[in-house]
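If you want the building blocks of each chain, they are given just below.
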Amino acid sequence: MVTLPVVAVAALGGTIAMRRPQPGEPVTPKLSADDLLAAVPAIKSHAQIVATTVTRAPSPSITINDLLRALQWANEQVAQGATGVVFTHGTDTLEESAFLLDLLWDHPEPLVLTGAMRSSDLLGADGEANLYDAVICAASEHSRSYGVLVCLNQTIHLASSVVKNDSHALEAFQSPGRGPAGYVREGAIEMLWPAPPRSSRFARPSSESCSIPIVEASVGEDGAFLHTVDATRIDALVVAGSGVGHVSAPLADCLERFVDEGLVVVVASRTERSGTARALYGYVGSESDLVRRGIILTGQLSARKARLALFLMIEAGYSREAIRTYFQHQWRGN
């Protein structure tokens, strides 16, 4: 008799756990992990399931504490022999949670995040199929050592590269510039490349808050409102710069003031591909000018993901130069 692998499933709310209270009303969180699994009995042919419900919150309200509680439970399940773990999660912030968890997950066993773009009471609901595929992915020996994966719409993505780039479509999750890591087909997974090398993971943070705002460098943004911000009340500042990491001249001056006051300031590219440059442009507010002012560029990481990496580095006591070195390793080709 074949013994099925054990997959641990934790529910963290989101659209996959939502239903309409009454016909015609907007959906709200309702379903537990047991509810979700009961709707997909075919999962039992692929894995033995251990389940828990961490939260029923919509993903914009997911906290770092929620993620750390789920992570602790996942660690315990792996220690007890689970082959893999699945988190169901709202799609709005799923890419951020996946990335943060990937920085903390130090097991070869896969941790797979999934969710739904349509609630269970809508035509064409995708949650049940996504959960089924995610369990298959978590149970497979072929997904080991990839870290945290995101599995929706029969497609598997690395947490480091995945983004949600459509607010409605079932194929909302993409990995711009890289493509998916694999697919789920006919009850099995196919990974498209070997598991990439993974750097050492961060320790669990002691804090449960992340006081690192993100500012977007839009047309005409001079940073005037930042002059009202007390640098001692935030942990760092992230700027989503235009192009390869550019801001206006007045905003560059404002950011330099924060650096002079001892705050770590990083600039990412707000584009989805290729990230920041190193020393391509030389005008005031360009990436090379920002580096001269002591501002750190994030390479391939988006502002959203850079913020979470920065949070863990600050929690771990990284120096400014250690933070700079970390982000330098996020350049393409490094």
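Quick note: structure is the one above.
Residues numbered from 1 in each chain as written. Predicted model: local features only at pLDDT ≥ 70, side-chain atom pairs only at ≥ 80, totals over all residues. Heavy atoms only, no water.

**Examining the environment of Ile 214**
So, step 1. With respect to the helices and strands, the residue Ile 214 is situated in strand S13 (residues 214–216).
So, step 2. Take Ile 214: its relative accessible area is 38%, and that puts it in the partly exposed class.
So, step 3. Distance from Ile 214 to Ala 303, taken between C-alpha atoms, is 7.0 Å for residues 89 residues apart in sequence.
So, step 4. The contacts of Ile 214, once residues within four sequence positions are left out, are Val 238, Ala 303, Arg 304 and Arg 307. (Helix = DSSP H or I, 4+ residues; strand = E, 2+ residues; numbered from the N terminus. Buried < 20%, exposed > 50% of the residue type's maximum accessible area, 1.4 Å probe, protein only. Contact = heavy atoms within 4.5 Å.)

**Structural notes on the sheet that holds strand S5 (residues 84–89)**
So, step 1. Across the sheet, which stays open at both edges, the eight strands sit in the order S4-S1-S5-S6-S7-S8-S11-S12 with mixed pairing between neighbours. The open sheet has two edge strands with one neighbour each: strand S4 (48–55) and strand S12 (188–191). Neighbouring strand axes in the sheet, compared pairwise and without regard to direction, differ in orientation by 25° on average.
So, step 2. Across six bridges, the pairing between strand S1 (residues 6–12) and S5 is parallel. Within S5, the residue paired with Leu 12 across the bridge is His 89.
So, step 3. Helix-sheet contacts for helix H2 (residues 64–79) involve S1, S4 and S5, and the interaxial angle to S4 is about 160°.
So, step 4. Contacts between helix H4 (residues 127–139) and the sheet are confined to S1, S4, S5, strand S6 (111–114), strand S7 (148–152), strand S8 (155–158), strand S11 (182–185) and S12, with S5 contributing the most and set at about 155° to the helix. (Pairing = 2+ DSSP bridges. Axes fitted to C-alpha atoms, helices over the stretch in contact; angles between N-to-C directions.)

**Examining the sheet that holds S13**
So, step 1. In space, the four strands of this open sheet follow the order S13-S14-S15-S16, with parallel pairing throughout. The strands lining the two open edges of the sheet, one partner per strand, are S13 and strand S16 (296–297).
So, step 2. Examined bridge by bridge, S13 and strand S14 (residues 237–241) share three bridges and lie parallel to one another. Looking across to S14, one finds that Val 215 is bridged to Val 239.
So, step 3. Across the face of the sheet, helix H5 (residues 249–260) comes into contact with S14 and strand S15 (265–269) while running at roughly 140° to S15.

**As for the packing of helix H3 (residues 94–104) against helix H7 (residues 303–315)**
So, step 1. Contact pair H3 / H7: the axes reach a minimum separation of 9 Å and the direction vectors enclose 35°. As H3 runs across H7, the sense of the crossing is right-handed. Each of Glu 95, Glu 96, Phe 99, Leu 100, Leu 103 and Leu 104 in H3 lies in contact with H7, whose residues at this interface are Arg 304, Lys 305, Leu 308, Ala 309 and Leu 312.
So, step 2. Its residues assigned to classes, the contact of H3 with H7 comprises seven nonpolar, no polar and four charged. (Left-handed = near helix turned anticlockwise from the far one by under 90°. Nonpolar A, V, L, I, M, F, W, Y, C, P; charged D, E, K, R; others polar.)

**Digging into the pattern of salt bridges**
So, step 1. The full count for this structure, using the stated rule, is 13 salt bridges.
So, step 2. Across the pair Arg 69 and Asp 66 runs a salt bridge, and its minimum N-O distance is 2.9 Å. Pair noted here: Arg 69 and Asp 66 are both in helix H2, with a separation of three residues, about one helical turn.
So, step 3. Of the charged contacts in the structure, one is a salt bridge between Arg 270 and Glu 216, with a shortest N-O distance of 3.8 Å. Placement of the pair is Arg 270 in the loop between S15 and helix H6 (287–292) and Glu 216 in strand S13, with a sequence separation of 54 residues.
So, step 4. Members of the salt-bridge network, linked through shared partners, are Asp 253, Glu 256, Asp 289, Arg 292 and Arg 293. (Salt bridge = Lys/Arg side-chain N within 4 Å of Asp/Glu carboxyl O.)

**Focus on the nonpolar core**
So, step 1. Core analysis: the biggest nonpolar cluster contains 55 residues, and Val 85, Phe 87, Leu 113, Leu 310, Tyr 326 and Phe 327 have the highest contact counts within it.
So, step 2. In contact with Tyr 326, not counting residues within four places along its chain, are Phe 99, Leu 103, Phe 202, Leu 301, Ala 309 and Met 313.
So, step 3. By size, the runner-up hydrophobic cluster in this structure holds 31 residues, among which are Val 9, Leu 31, Cys 151 and Ala 181. (Core = buried A, V, L, I, M, F, W, Y, C linked by side-chain atoms within 4.5 Å.)

**Looking at the packing of H2 against H3**
So, step 1. Running from amino to carboxyl end, H2 crosses H3 at an angle of 50°, the nearest separation of the two axes being 11 Å. One element, H2, and the other, H3, form an angle in the oblique class. Seen along the crossing, H2 lies across H3 with a hand that is right-handed. Where H2 approaches H3, its residues Ile 64, Leu 67, Leu 68 and Leu 71 are matched on the opposing element by Ser 97, Leu 100, Leu 101 and Leu 104.
So, step 2. Tallied by class, the residues present in the contact of H2 with H3 amount to seven nonpolar, one polar and no charged. (Parallel < 35°, antiparallel > 145°, perpendicular 65-115°, else oblique.)

**A short note on H4**
So, step 1. Taking 1.5 Å of rise per residue, the 13 residues of H4 would be expected to cover 18 Å, and the 18 Å separating its terminal C-alpha atoms lies within 8% of that figure.
So, step 2. With ten of 13 residues buried, H4 is to be regarded as a mostly interior element.
So, step 3. Those residues of H4 that fall on the buried side of the exposure criterion are Gly 127, Asn 130, Leu 131, Asp 133, Ala 134, Val 135, Ile 136, Cys 137, Ala 138 and Ala 139. (Expected span 1.5 Å × (residues − 1).)

**Notes on a nonpolar patch on the surface**
So, step 1. A cluster of nonpolar residues, Leu 280, Tyr 281 and Tyr 283, forms a patch on the protein surface that exposes about 330 Å² of accessible area.
So, step 2. Within the secondary structure layout, Tyr 281 lies in the loop between S15 and H6. (Patch = residues over 30% accessible without salt bridge, like charges linked within 9 Å, V, L, I, M, F, W, Y side chains within 5 Å. Areas by Shrake-Rupley, 256 points an atom, 1.4 Å probe, with all protein chains shown as cover.)

**Side note on the environment of Pro 108**
So, step 1. Counting through the fold element by element, Pro 108 comes out in the loop between H3 and S6.
So, step 2. As a C-alpha pair, Pro 108 and Gly 90 span 18 residues in sequence and 25 Å in three-dimensional space.

**Comments concerning H7**
So, step 1. The terminal C-alpha atoms of H7, which comprises 13 residues, lie 18 Å apart, in line with the 18 Å expected from a rise of 1.5 Å per residue.
So, step 2. Counting buried positions over the 13 residues of H7 gives ten, a clear majority of the element.
So, step 3. Those residues of H7 not exposed but buried are Ala 303, Lys 305, Ala 306, Arg 307, Leu 308, Ala 309, Leu 310, Phe 311, Leu 312 and Met 313.
So, step 4. Where the residues of H7 are buried, they touch H2, H3, S13, S14, S15 and helix H8 (320–328).

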